[in-house]
Amino acid sequence: GNIVSTNRRGLTLISVKRFKGLHMPNKPPITLETFGLKELHIEWKDSLEAGVQRNSKISIGYGLAQMPDPDLVRIGMTFTDQARNPEGKEAYILSVHIMGFFRFAEGLADEEKERLLMVNGMAMLYSSLRGVLLSISGCFPPGFRYVLPTVNLHEVIQKAEEPVA
């Protein structure tokens, strides 16, 4: 049947399907051990009212951390966003660099590590950044709360890996 339906009182009901037999591995193939901000710059010039035009840019870099443990990798992600209000005035500038340290399960091939890092690792780091920015901007005056835009990280990574012409 339908997952969403309306009862006689006009209330929307959402049915929840339970999945049996799902098995979670004892140790996931990739784990975000810790993350932190290396740099954060927010400059508010105008409130985030309707009509603000965003110009977001994401640049991604990753590399092995200089540690003796070969199963630990560091990723750095830089996110910048600038917006203008409908009159063309700058509304805000935001720039943040976040670093995450990821651990792999033992025995994974290098190709699998890279795939997990670029797909799962980047998504974990981006969602961690979303929470950090929501928390920080929640302390600002009304109209200045910041929510990271939804992005397709797969497309971002593909564009970053394309050769520069």
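Residues numbered from 1 in each chain as written. Predicted model: local features only at pLDDT ≥ 70, side-chain atom pairs only at ≥ 80, totals over all residues. Heavy atoms only, no water.

Trainee: I'd like a rundown of the overall build of the protein, residues and numbers included.
Mentor: The number of helices and strands found in the protein is two helices and six strands. Of the regular secondary structure in the protein, the N- to C-terminal order runs β-β-β-β-β-β-α-α. Here the protein holds 165 residues, and the buried ones make up 28% of them. Across the protein, contacts joining residues at least 24 apart in sequence account for 67% of those joining residues at least 6 apart. Accessible surface for the protein amounts to roughly 11,400 Å². Of this, 53% is attributable to carbon and sulfur atoms. (Helix = DSSP H or I, 4+ residues; strand = E, 2+ residues; numbered from the N terminus. Buried < 20%, exposed > 50% of the residue type's maximum accessible area, 1.4 Å probe, protein only. Contact = heavy atoms within 4.5 Å. Areas by Shrake-Rupley, 256 points an atom, 1.4 Å probe, with all protein chains shown as cover.)

Trainee: Would you mind going over the pairing of strand S6 (residues 90-104) in detail, with residue names and values included?
Mentor: For a regular strand, side chains alternate in direction, first toward one face of the sheet and then toward the other. Judged by how many residues are buried, S6 sits mostly within the fold: twelve of 15 residues are covered. As paired strands, strand S3 (residues 30-44) and S6 are joined by 13 bridges and run antiparallel to one another. Of the residues in S6, the one forming a bridge with leucine 32 is phenylalanine 102. Sheet topology note: the strand S5 (residues 72-84)/S6 ladder contains 13 bridges and is antiparallel. Residue arginine 74 lies in a different strand from S6, and its bridge partner there is phenylalanine 101. With antiparallel pairing between neighbouring strands as the criterion, S5 and S6 make up a hairpin whose turn holds five residues, including glycine 88 at a positive phi of roughly 90 degrees. (Pairing = 2+ DSSP bridges.)

Trainee: Describe the packing of aromatic side chains, and please don't skip the residues or the numbers.
Mentor: With the rule as written, the count across this model stands at four aromatic pairs. An angle of 55 degrees between the planes, with centres 5.3 Å apart, marks the rings of tryptophan 44 and tyrosine 92 as tilted. You can see tryptophan 44 sitting in strand S3 and its partner tyrosine 92 sitting in strand S6, a full 48 residues away along the chain. Judged by relative accessible area, which is 1%, tyrosine 92 ranks as buried. A connected cluster of aromatic rings, assembled from ring pairs, spans Trp44, Tyr92, Phe140 and Tyr146. (Phe/Tyr/Trp six-rings, centres within 6.5 Å; stacked < 30°, edge-to-face > 60°.)

Trainee: Give me the lowdown on the nonpolar core, citing residues and values where you can.
Mentor: Grouped together as the largest cluster of nonpolar side chains are 25 residues, with contacts concentrated most on Phe79, Leu94, Leu117, Leu129, Tyr146 and Leu148. Those elements giving two or more residues to this core turn out to be S5, S6, helix H1 (110-137) and helix H2 (153-161). When residues in this core are grouped by element, the largest group, eight residues, is from H1. (Core = buried A, V, L, I, M, F, W, Y, C linked by side-chain atoms within 4.5 Å.)

Trainee: Residue-level account of the pattern of salt bridges, with values.
Mentor: Overall, the coordinates contain two salt bridges when judged by the stated rule. Put simply, arginine 115 and glutamate 112 hold a salt bridge, and the shortest N to O gap is 2.8 Å. You can see arginine 115 and its partner glutamate 112 sitting in helix H1, three residues apart, about one turn around the helix. (Salt bridge = Lys/Arg side-chain N within 4 Å of Asp/Glu carboxyl O.)

Trainee: Mind laying out the environment of leucine 116, listing which residues take part and the relevant values?
Mentor: Structurally, leucine 116 is set in helix H1. Along the primary structure leucine 116 and isoleucine 30 are separated by 86 residues, whereas in three dimensions their C-alpha atoms are 6.8 Å apart. Non-local contacts of leucine 116, meaning those with residues more than four positions away in its chain, are made with Pro29, Ile30, Phe104, Leu108 and Gly121.

Trainee: Residues and numbers for the side chain of serine 128, please.
Mentor: Residue placement: serine 128 occurs in helix H1. Apart from the residues within four sequence positions on either side, serine 128 is in contact with Leu32 and Phe35.

Trainee: Let's hear about a negative patch on the surface: which residues, and what values?
Mentor: Together, Asp110, Glu111, Glu114 and Glu161 give the surface a local cluster of negative charge. In terms of residue count, the dominant contributor to the negative patch is H1 (three residues). What makes glutamate 114 partly exposed here is its relative accessible area of 38%. (Patch = residues over 30% accessible without salt bridge, like charges linked within 9 Å, V, L, I, M, F, W, Y side chains within 5 Å. Lys, Arg positive; Asp, Glu negative; His and termini not counted. Charge placed at Lys NZ, Arg CZ, Asp CG, Glu CD.)

Trainee: Help me get a handle on the side chain of serine 95, residues and values and all.
Mentor: Along the polypeptide, serine 95 turns up in strand S6. Not counting the four nearest positions on each side in its chain, serine 95 is found in contact with Glu39, Leu40, His41, Phe79 and Thr80.

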